[in-house]
Amino acid sequence: MSERPASSVERSTGAAPELHVYVVAFESTHAAMAAASVLEVRGARMIPTPRAISASCGMSLRFDAPSDGAARAFAADVPDARGLAALYAQEGEGYRLVAQL
C-alpha cells in the first residue's frame, strides 16, 4: 500500500493542517442538488440545514477546509448555486457567515 505524498503545509510544518467545518446553505432545492452533484464526489455531504442558520431551503452541504479562503474556493465551483447560497463556518455551537455565494 503506498502512502499519499505530503502536502506543502505538511512538508513545511511536519503536520497536517487543522481543518474547520463549513456549511453551504441553499435558498433553493435545485441549487442544493446541483451543488451536491459536483461537491459530494470531493468529500462534501448533504445534511439538514442547522437550526442556527435561518434562511435556507432546508438542505445544506457540509465539508472540512483549512481556511475561509479554501472553503470559498471549494464552494465556488458550483455555478448553478451562485446567488442562491451562503457559506458559513462552524464556531462552537453557532455559525459565522463567511460569504454569500
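Our subject is the structure that appears above.
Residues numbered from 1 in each chain as written. Predicted model: local features only at pLDDT ≥ 70, side-chain atom pairs only at ≥ 80, totals over all residues. Heavy atoms only, no water.

### Regarding the side chain of Ser60
Position of Ser60 relative to the elements: it lies in strand E3 (residues 59-65). Of the polar contacts made by the side chain of Ser60, one reaches the side chain of Thr49; its length is 2.6 Å. (Helix = DSSP H or I, 4+ residues; strand = E, 2+ residues; numbered from the N terminus. Polar contact = N/O pair within 3.5 Å; in protein donor to acceptor, adjacent residues only side chain to side chain.)

### Remarks on the nonpolar core
Grouped together as the largest cluster of nonpolar side chains are 22 residues, with contacts concentrated most on Tyr22, Val24, Phe26, Leu61, Phe63 and Leu87. Listing elements by their share of this core, those giving two or more residues are strand E1 (20-26), helix H2 (29-39), E3, helix H3 (68-75), strand E4 (85-91) and strand E5 (94-100). When residues of this core are assigned to their parent elements, the largest contribution, 5 residues, is made by H2. Those residues in contact with Leu87, other than ones at most four positions away along the chain, are Tyr22, Val23, Val24, Phe63, Ala71, Arg72, Arg96, Leu97, Val98, Ala99 and Leu101. Formed by 6 residues, the second largest nonpolar core is a distinct cluster that contains Val23, Ala25, Ile47 and Ala86. (Core = buried A, V, L, I, M, F, W, Y, C linked by side-chain atoms within 4.5 Å. Buried < 20%, exposed > 50% of the residue type's maximum accessible area, 1.4 Å probe, protein only. Contact = heavy atoms within 4.5 Å.)

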